[in-house]
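Residue strings, one per chain:
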Amino acid sequence: MRFLITGSSGFIGFHLAKRLIDDGHLVVGIDGMTDYYDVNLKRRRTAILKTSNGYRHHECMLEDKNGLAEAAQDCNPDVIVHLAGQAGVRYSLEHPETYISSNLVGTFNLLEVAREWKPKHLLIASSSSIYGANTEMPFSEAHKSDLPLTLYAATKKAMEEISHAYAHLWKLPTTCFRFFTVYGPWGRPDMALFKFVRAIERGEPIEVYGEGRMRRDFTYVDDLVESIVRLVDAVPGELPLEAEGVADSLSPVAPWRVVNIGGGQPVGLLPFIETIEGCLDKPALKQMLPMQKGDVESTFADPSLLKALTGYAPDTSIQVGVRNFVKWYRTYCERHPN
Ligand code: NAD
């Protein structure tokens, strides 16, 4: 199949593109190489993808309609996976305009491309953060989740809703996946695992928000990719649900649904730090801080819908996942000091 992936130089896009190329698909990737974090890391991921004949790269922003159209033309996509966007909860407090531009304007442009090219399935990255003030655990797609706490979450929720309107109006089969704290090799330097490992290795203190009370449903990146690859064939409106008793989020008026991608096994921040200390064989210097504005105390995925649709749910243990990250991090730092 021919895949158009936005955000292919990003953490998740890189892993997904690599997996699809290895499976024999053609991938056309789009990425604007934004400077939210180290652009060299993005360039190195891209260089790896470019070594394959199955990959073609378009460096362009989602806001550039012509660039997007050219990439789609280069590919005539069977499937579009939309991962590009401005990530990060805390950054959205300081840089709100980036979220409007990348996540709203960019997604609108991408939907217009999808409307023209009519892929058999459009898959869009949403986030567990849209559950916001929801305290009903675990988070199920059937819950009302109307109260985003940050602009990041609000733009992700708006993306879901705008894509629903497009799915309805233009009969575009669409799945929005809600990712839960993804981690693994080639991960993002702004996320906790990367920051903690780097600081502990250097003997620097780590900032522990919420006095360590926070819990996160961490999802190992290979498990996430496996889930996405399986969901490609679970086109909304085509497949009946295999399992009974699962609350489906399929829209009554459009070929559209949301699906959690998380294993449903939240880990406390302090046990998470202990796991890192164990893998590094070094103690962390913990600086305990209060919760930050917009942070939620816990995330906890209900993976039943994912399981019913794909027969699969993430299951890599945090010990194995963190060990793999540390191994990658040490090799990466050796090759690219600074
Ligand atoms: P990432 O920042 O590594 O990747 C996003 C990529 O999109 C980057 O390479 C960036 O250059 C590109 N990009 C950003 N704005 C762009 C624009 N306007 N035009 C073109 N390219 C642009 O992030 P990631 O962790 O790979 O996340 C991928 C998607 O999944 C994002 O939409 C993110 O919000 C969502 N998500 C991620 C997580 C997680 O834990 N990593 C959790 C929930 C949701």
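Everything in this summary refers to the structure shown in the same document. Worth saying up front: this structure is predicted, and the values here are computed from it rather than measured.

The rules behind the values
Residues numbered from 1 in each chain as written. Predicted model: local features only at pLDDT ≥ 70, side-chain atom pairs only at ≥ 80, totals over all residues. Heavy atoms only, no water. Core = buried A, V, L, I, M, F, W, Y, C linked by side-chain atoms within 4.5 Å. Buried < 20%, exposed > 50% of the residue type's maximum accessible area, 1.4 Å probe, protein only. Domains from an automatic or database assignment. Contact = heavy atoms within 4.5 Å. Helix = DSSP H or I, 4+ residues; strand = E, 2+ residues; numbered from the N terminus. Expected span 1.5 Å × (residues − 1). Polar contact = N/O pair within 3.5 Å; in protein donor to acceptor, adjacent residues only side chain to side chain. Near = heavy atom within 4 Å. Areas by Shrake-Rupley, 256 points an atom, 1.4 Å probe, with all protein chains shown as cover. Pairing = 2+ DSSP bridges. Axes fitted to C-alpha atoms, helices over the stretch in contact; angles between N-to-C directions. Parallel < 35°, antiparallel > 145°, perpendicular 65-115°, else oblique. Left-handed = near helix turned anticlockwise from the far one by under 90°. Nonpolar A, V, L, I, M, F, W, Y, C, P; charged D, E, K, R; others polar. Salt bridge = Lys/Arg side-chain N within 4 Å of Asp/Glu carboxyl O.

Here we take up the nonpolar core. A general feature of soluble globular proteins is that nonpolar side chains tend to end up buried together. Grouped together as the largest cluster of nonpolar side chains are 65 residues, with contacts concentrated most on Phe179 and Phe272. Looking at which domains feed residues into this core, each of domain 1 (2-180 + 221-261) and domain 2 (183-215 + 265-300 + 315-335) supplies at least three. Other than its neighbours up to four places away in sequence, phenylalanine 179 contacts Ile12, Leu83, Ala125, Ser126, Ser127, Ser128, Leu224, Ile228 and Ile261. In this structure, Leu4, Leu68, Ile80 and Cys176 belong to the second largest nonpolar core, which totals 25 residues.

The subject of this paragraph is helix H2 (residues 39-50). Under the 1.5 Å per step criterion, the end-to-end length of H2 is 16 Å for twelve residues, consistent within 8% with the ideal 16 Å. For H2, the secondary structure elements touched by its buried residues are helix H1 (11-22), strand S3 (55-59) and helix H11 (318-335). Sitting at the amino-terminal end of H2 is aspartate 38, which places a side-chain oxygen 3.0 Å from the backbone nitrogen of asparagine 40.

What follows is about the site of the ligand. Around the ligand sit 30 residues, and of these Asp31, Tyr37, Ser102, Tyr152 and Val182 come closest. Take valine 182: an N or O atom from its main chain is 2.8 Å from an oxygen atom of the ligand. When the free accessible area of the ligand is taken as 820 Å², the share hidden by the protein chains comes to 97%. Those elements giving two or more residues to the shell around the ligand turn out to be H1, strand S5 (121-127) and helix H6 (151-170). Here the shell around the ligand gets three residues from one element, more than from any other, and that element is S5.

Take the sheet that holds strand S4 (residues 79-82) next. Spatially, S3-S2-S1-S4-S5-S6-S11 is the arrangement adopted by the seven strands of the open sheet, whose pairing is parallel. This sheet does not close on itself; its edge strands, each paired only once, are S3 and strand S11 (256-261). Taking the axes of each pair of neighbouring strands and ignoring which way they run, one obtains an average angle of 20° across the sheet. Here five bridges tie strand S2 (residues 26-31) to S3, and the two strands are oriented parallel to one another. Across the sheet, residue glycine 29 finds its bridge partner in S3, namely histidine 57. Strand contacts of helix H3 (residues 65-73): strand S1 (2-6), S2 and S3, with the helix running at about 170° to S2, the strand carrying the most contacts.

Burial along S4 is two-sided: the residues Val79 and Val81 and Ile80 and His82 are all buried. Examined bridge by bridge, S1 and S4 share four bridges and lie parallel to one another. Pairing of threonine 6 across the sheet is with histidine 82, part of S4. Relative to S5, S4 is paired through four bridges, and the arrangement is parallel. Each bridged residue has a counterpart across the sheet, and for histidine 82 the counterpart in S5 is isoleucine 124.

Looking now at the packing of helix H7 (residues 192-202) against H11. What describes two packed helices is the angle between their axes and the distance between those same axes. For the pair H7 and H11, interaxial distance at closest approach is 11 Å and the crossing angle is 60°. As judged from the angle between their axes, H7 and H11 are oblique. H7 and H11 meet at a crossing whose hand is right-handed. Contact with H7, carried on its side by Leu193, Phe194, Val197, Arg198 and Glu201, involves Val322, Phe325, Val326, Trp328, Tyr329 and Arg330 of H11 and no other residues of that element. Counted by class, the contact of H7 with H11 contains eight nonpolar, no polar and three charged residues.

So, on to the packing of H3 against helix H5 (residues 96-117). One way to put it is that H3 packs onto H5 with a least axis distance of 10 Å and a crossing angle of 35°. Between H3 and H5 the crossing geometry is right-handed. Along its contact with H3, which presents Lys65, Leu68, Ala69, Ala72 and Gln73, the element H5 presents Phe108, Asn109, Leu110, Val113 and Trp117.

This model, assessed by the stated rule, comprises 17 salt bridges. When the shortest N-O distance is used, the salt bridge between arginine 90 and aspartate 295 registers 2.9 Å. In this pair, arginine 90 sits in the loop between S4 and helix H4 (91-94) while aspartate 295 sits in the loop between strand S13 (285-288) and helix H10 (304-310), placing the two residues 205 residues apart along the sequence. In this structure arginine 90 comes out as partly exposed when scored by relative accessible area, which is 30%. Through salt bridges with shared partners, a single network forms among Arg19, Asp23, Glu226 and Arg230.

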